[in-house]
Amino acid sequence: MSDTTHLKLPYLESAQAQKHVTVNEALRALDALVHLSVKGRTLTAPPASPGEGDRYIVGPDATGKWTGADRKVAAFTDGAWQFFAPQAGWRAHDEGTGDLVLHDGTGWRKENATAKSSHGAATEFGIVEGEHELTAGTTNDTGLAIPERAIVFGVTGRVLTAITGATSWNLGVAADATRYGNGIGVAKGSTVIGPSGTPVTYWATTPLKISSAGGAFAGGRVRLAIHYIALTGPDN
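Everything in this summary refers to the structure shown in the same document.

Cut-off values and rules
Residues numbered from 1 in each chain as written. Predicted model: local features only at pLDDT ≥ 70, side-chain atom pairs only at ≥ 80, totals over all residues. Heavy atoms only, no water. Helix = DSSP H or I, 4+ residues; strand = E, 2+ residues; numbered from the N terminus. Buried < 20%, exposed > 50% of the residue type's maximum accessible area, 1.4 Å probe, protein only. Contact = heavy atoms within 4.5 Å. Areas by Shrake-Rupley, 256 points an atom, 1.4 Å probe, with all protein chains shown as cover. Salt bridge = Lys/Arg side-chain N within 4 Å of Asp/Glu carboxyl O. Phe/Tyr/Trp six-rings, centres within 6.5 Å; stacked < 30°, edge-to-face > 60°. Pairing = 2+ DSSP bridges. 1 Å grid on protein atoms, 1.4 Å probe; cavity = no way out; pocket = protein on both sides within 12 Å on 5 of 7 lines; lining within 4 Å. Points joined across faces, edges and corners; volume = space filled by probe spheres on them. Polar contact = N/O pair within 3.5 Å; in protein donor to acceptor, adjacent residues only side chain to side chain.

A few points about the overall build of the protein chain
And then number 1: A count of helical and extended segments in the protein chain gives one helix and 16 strands.
And then number 2: Across the 236 residues in the protein chain, those meeting the buried criterion constitute 39%.
And then number 3: Intrachain contacts of the protein chain at a sequence separation of at least 6 include 56% that bridge at least 24 residues.
And then number 4: A total of about 12700 Å² of accessible surface is found on the protein chain, and carbon and sulfur atoms cover 54% of it.

Here's what the structure looks like:
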């Protein structure tokens, strides 16, 4: 039985018995792949309790029921995992990070706005975004880091779970604890829009730092986003 060129959907054959099986197989594939949005793209083994219709981009060196499916799209349909090999040009929304990712024929990469020369020099406009669960203390170094040699225009954020223990908080880096905001609200939904003033170049990977005011942190969760430009030189 032959398949379509790009999505490998099965064709109906003339005088084929059980036609509904083939049609339903194609519909399942379309439902999984059209307007593709995945729960994440770093897991290397399936979650313990997936929901019907959940989709993931499988991480490297996958194990268990995902063995051999590295970088494929895994969709949980009718109680079982289906795998789809991506092709160049496929796009997906990562629900966990908010990233748009593109498959370039080799692997998945974030789809940032990029201007590129004929010799490979590029200017990439990027955003690094993630969440941080506050731990007890007066300062927290987050797992969210400014990339090496990034030119940062600013950092923004939102309080996802009310911050307790402090009356306000500051956002910055080790060299300047308030560079991107101070006196920020602790209530759920509080936001910070922290421009750099003038673009700041970071020559080394630099974690964002959160510090408390009016008391030590006892808990809370924030989402932060680093807005930057990265430069790439010509490759020939």
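Some details on the pattern of salt bridges
And then number 1: Tallied over the entire structure, the rule returns eight salt bridges.
And then number 2: Measuring nitrogen to oxygen at the nearest pair gives 3.7 Å for the salt bridge that ties R221 to E133. A residue pair is termed long-range when its members are at least 10 positions apart, and R221 in strand β16 (residues 219–232) and E133 in strand β9 (residues 122–133) qualify at 88 residues.
And then number 3: One salt bridge in this structure joins R179 and D176, with 3.7 Å as the shortest N-O distance.
And then number 4: With a relative accessible area of 27%, D176 lands in the partly exposed category.
And then number 5: Here the residues in one salt-bridge network are E131, E133, R221 and R223, joined through shared partners.

Quick notes on the packing of aromatic side chains
And then number 1: As enumerated under the stated definition, the model contains four aromatic pairs in all.
And then number 2: On the numbers, 5.6 Å between centres and 55° between planes, the contact of Y56 with W66 is tilted. Here the residue Y56 occupies a position in strand β2 (residues 55–57), and W66 occupies one in the loop between β2 and β3 (73–77), the gap between them amounting to 10 residues.
And then number 3: Residue classification places Y56 among the buried residues on the basis of a relative accessible area of 9%.

As for the sheet that holds strand β5 (residues 91–94)
And then number 1: In space, the four strands of this open sheet follow the order β1-β5-β6-β7, with mixed pairing throughout. Either end of the sheet is taken by a strand with one partner, and the two such strands are β1 (37–38) and β7 (108–110).
And then number 2: Alignment of β1 against β5, held across two bridges, turns out to be parallel. The residue of β5 that forms the bridge with S37 is H93.

Section: the environment of A85
And then number 1: Mapped onto the elements of the fold, A85 is located in the loop between β4 (80–84) and β5.
And then number 2: Between the alpha carbons of A85 and A74 there is a distance of 9.2 Å; along the sequence they are 11 residues apart.
And then number 3: Those residues in contact with A85 that lie beyond four places of it in its chain are K72 and W90.

A word on the pairing of β4
And then number 1: The sheet contact formed by β3 and β4 spans five bridges and is antiparallel. By the bridge assignment for β4, F76 is matched with W81.
And then number 2: With antiparallel pairing between neighbouring strands as the criterion, β3 and β4 make up a hairpin whose turn holds two residues, including D78 at a positive phi of roughly 55°.

A short note on the layout of surface pockets
And then number 1: Volume-wise, the largest pocket comes out at about 260 Å³.
And then number 2: Lining of the largest pocket is provided by 14 residues; of these, R109, T114, K116, A122 and E124 occupy positions nearest its centre.
And then number 3: Of the residues forming the lining of the largest pocket, the biggest block, three residues, is contributed by β9.

Considerations on the environment of G165
And then number 1: Note on placement: G165 falls in the loop between β11 (150–164) and β12 (168–173).
And then number 2: The class of G165 is partly exposed, set by a relative accessible area of 44%.
And then number 3: Here the alpha-carbon distance between G165 and A218, two residues 53 residues apart in the chain, equals 4.8 Å.
And then number 4: If sequence neighbours within four positions are ignored, G165 has contacts with G214, G215, A216 and A218.

A look at the side chain of N170
And then number 1: When you line up the elements, N170 lands in strand β12.
And then number 2: Take N170: its relative accessible area is 13%, and that puts it in the buried class.
And then number 3: Within polar-contact distance, the side chain of N170 engages the backbone nitrogen of G183 at 3.2 Å.
And then number 4: Apart from residues no more than four positions distant in its own chain, N170 is found in contact with A177, T178, G181, N182, G183, I184, K209, I210, S211 and S212.

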